[in-house]
Amino acid sequence: MKQALSCPIYLLSLLLSSLVTCTAAQVLITPPANPLDSASKPVANNFISLSIAIHFFQDYSRTGTEGELPNTFSRNLLSSLQESTFLAPEIRIGGTSADRTTYVPSQNTTILQVSGANGIPLNVTLNQKWFQQCFDEENFPSGTKFIFDLPLMRNDSLALNNTIQGSQWALETIGERRLEAFEIGNEEDLYVGQGVVPANWTVVDYVARWKIFSSAVSERALVPSGLDSNKKWFQGLAFSGLGANPAWTTQTAFNANVNENSTLKSVSLHNYPAGTAPWVNLGNTFMNHTAIVANLSQVKDDISFLGSSPSTDDIVFNLGETNIDFTNLNMDQFEGVLGSALWTIDYILYAASLNINRIYLHQGTTFGYAAWQPIATTSSPAKVRTPWYGLKFAAEAIGSHQGPIQIAPLDILLTSEKISAYAVYESSSLARIALINFNEWNGTTPYPRSSTVFRIVLPPSNSDNTGNSNSSQSNSVSTRLLTAPKGASADTDLTFGGIMWNYTTQGLPQRVESVPGIVQVERSTGDGSITVKVGASEALLIDIRG
């Protein structure tokens, strides 16, 4: 494994045009006081949002055999994200199971399903009570908005009426105030492989069917419900991969006139960077900034296309369903450990830097990459899982500022894929820096945990947008460390800033007294710099304001 920063002296430039010097012992970073043109556009406070598979949504929102009570555990964790970013995360209810759902008025049980491979049922049936309970406002933080995915896969004589039924029940319970959008269909480019469409099914066929279904939802659900006709209520596409099939892209869908009726407010693609190939491993596949950059950079063409024409430049691009690996089960050694939390941080912050509108991290009760398991199963108790710490760290990095938030990667060129760094700006002033050390170390590694030392020359605090100081700088900054004693493969004992989250506290934060919490780091009296150390398989969040 290539060791980060064990190298001669290099003089490097960052993506932000800040100065970096790498020595065997130290990295020097001089981030700009104000964002350069290469920084992101303003990032939504609730950039970090969630996608939940429809067959697990009752687990996340309710408890009890029939979902009789709100799930306080889930609500507390969602509220924790809201506390970090001011706005509650949006929730998209969807997935393959949503595309296989039938709405049954006469069904007595809220949800029934037939098990299938990879934790995804062959079919799902819901009754109206499921909607009434799952979308009860008690289940979620105030202001939570929803994207609801309706079926498109079926093409029998009852398919359209089924989709209309679902849209009507959803509207009755979600309401205009909380509805972000309807989505129709899920990963339609995979329909041929699932044997539900002819072998010659194309994006043109998808667009034709989508327009029939979306028009019917508008005419028979949206209009009768009195929704604002000046707003757009649909998210389109939901294709399975970034660049996986060049015949199924944002551009090919628009060339086929998917937005002929100007109904789209957003488009969505899905992304799972890895699978179960023999080469997949924690250190090289996931704890790898270069791999994350290469994977996410595929969205640039889609975003550029949407911005290239007045007819599409008001349509935003979402990663509407994504996570670390498309294999939902039996991958805990990669998906449920500290290393995956570090991947989550880097993935989210780099995605934000690319001007993606929002990212919806996919969740499911039994999925290995889920941030928490909302209820107990026959084989596992309800619990907070390690990816939660990645969500929380990234949410704290984005922050709750009620003004423009911009993010820029501090790419340390030519050294290693094992170090990642970001600058976060609030109203054009440097506010936070996130550092990730992807070097893999475990409790069983036969040598002590190594560290990388960063010397960061900070601008004077409270610099105005010209870079000039307009008040005296703080003498210190505050730092919070994400770590675990057992390193990259740890699935327990993670802390962020000395805080742990557990089911035993119903998702409320718990201070771990044996672990340092918020640590103040003094600025140098000379150049105002700070020196911090980040251990292998750790991440550090620095608040410049102290």
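Residues numbered from 1 in each chain as written. Predicted model: local features only at pLDDT ≥ 70, side-chain atom pairs only at ≥ 80, totals over all residues. Heavy atoms only, no water.

**A word on the overall build of the protein chain**
Let me state the cut-off plainly: A helix here means a DSSP run of H or I that spans at least four residues, while a strand means a run of E at least two residues long, and both kinds are numbered starting from the N terminus. Note on classification: 1.4 Å probe, protein chains only; a residue is buried when its accessible area is under 20% of the maximum for its type, exposed when over 50%, partly exposed between these limits. For every accessible area listed, the method is Shrake-Rupley and the probe measures 1.4 Å; residues are considered covered only by the protein chains on display. When charges are tallied, Lys and Arg are placed among the positive residues and Asp and Glu among the negative ones, while His and the ends of the chain are skipped. Where a charge lies is defined by one atom per residue type, namely NZ (Lys), CZ (Arg), CG (Asp) and CD (Glu).
When helices and strands are tallied, the protein chain shows 13 helices and 29 strands. Seen along its three principal axes, the alpha-carbon backbone of the protein chain occupies a region of about 75 × 55 × 45 Å. Of all 546 residues assigned to the protein chain, the portion counted as buried reaches 60%. With an accessible surface of roughly 20600 Å², the protein chain has 52% of that area assigned to carbon and sulfur atoms. Of the side-chain charges in the protein chain, 32 are positive and 45 negative, and the distance between the mean point of each set is 3 Å.

**A word on the pattern of salt bridges**
Selection criterion: Salt bridges are defined by distance alone: a side-chain nitrogen of Lys or Arg within 4 Å of a carboxyl oxygen of Asp or Glu.
Scanning the entire structure with this criterion turns up 18 salt bridges. Its salt-bridge partner being R432, residue E426 comes within 2.7 Å of it at the nearest N-O pair. Each of the two residues, E426 as well as R432, counts as buried. Between R545 and E426 there is a salt bridge, with its nearest N and O atoms 3.0 Å apart. Of this pair, R545 sits in the segment after β29 (538-543) while E426 sits in strand β20 (residues 419-426), placing them 119 residues apart in sequence. With a relative accessible area of 11%, E426 lands in the buried category.

**Considering the confidence of the model for the protein chain**
The test is simple: pLDDT gives the predictor's per-residue confidence on a scale running from 0 to 100. Note on contacts: a residue pair is in contact if any heavy atoms of the two residues lie within 4.5 Å.
For the protein chain, mean pLDDT is 90; residues scoring 70 or higher make up 90% of the total. Across residues 1-24, where pLDDT falls below 50, the model places 75 contacts with residues more than four positions away in sequence or in other chains. Confidence over residues 464-472 falls short of pLDDT 50; this stretch has 18 contacts with residues more than four positions distant or in other chains.

**What to know about helix α13 (residues 387-398)**
Owing to its 3.6 residues per turn, the α-helix aligns residues three or four sequence positions apart on the same side. What counts here: To estimate the expected span of a helix, subtract one from its residue number and multiply by 1.5 Å.
With 12 residues, α13 extends 17 Å between its outermost C-alpha atoms, agreeing within 8% with the 16 Å of an ideal straight helix rising 1.5 Å per residue. Where burial is concerned, most of α13 is hidden: 12 out of the 12 residues are buried. Listed as buried for α13 are P387, W388, Y389, G390, L391, K392, F393, A394, A395, E396, A397 and I398. Two residues or fewer past α13, G399 is found with a positive phi of approximately 85 degrees.

**What about the sheet that holds strand β7 (residues 91-94)?**
This is how the line gets drawn: Pairing between strands is defined by DSSP: at least two bridges between the two strands are required. A fitted line through C-alpha atoms represents every axis, and for helices the fit uses only the stretch in contact; the resulting angles, taken between N-to-C directions, go from 0 to 180 degrees.
Spatial ordering of the closed barrel is given by β4-β7-β11-β12-β13-β14-β15-β16, a layout of 8 strands whose pairing is parallel. Each strand axis lies, on average, 25 degrees off the axis of its neighbour in the sheet, ignoring direction. Here strand β12 (residues 179-184) pairs with strand β13 (residues 234-239) via 2 bridges, running parallel. Pairing of E183 across the sheet is with Q235, part of β13.

**Topic: the nonpolar core**
Keep this limit in mind: Nonpolar cores are built from buried Ala, Val, Leu, Ile, Met, Phe, Trp, Tyr and Cys residues. Side-chain atoms within 4.5 Å join them into one set.
In terms of nonpolar packing, the biggest core is built from 132 residues, with W130, F148 and Y206 touching the most fellow members. Tallying contributions element by element places helix α12 (residues 338-353) first for this core, with 11 residues.

**Focus on the packing of aromatic side chains**
This is how it is decided: Ring pairs are drawn from Phe, Tyr and Trp, using the six-membered ring of Trp, whenever the two centres fall within 6.5 Å, and their geometry is named by plane angle: stacked under 30 degrees, edge-to-face over 60, tilted for the rest.
Across all of its chains, the model carries 29 aromatic pairs by this definition. With a centroid separation of 4.9 Å and 85 degrees between ring planes, the pair formed by F73 and Y503 is classed as edge-to-face. One end of the pair, F73, is in helix α2 (residues 72-85); the other, Y503, is in the loop between β25 (499-501) and β26 (509-511), and 430 residues separate them in sequence. Look at F73 and you get buried, because its relative accessible area is 1%. Of the residues examined, Y503 reaches a relative accessible area of 38% and is grouped as partly exposed.

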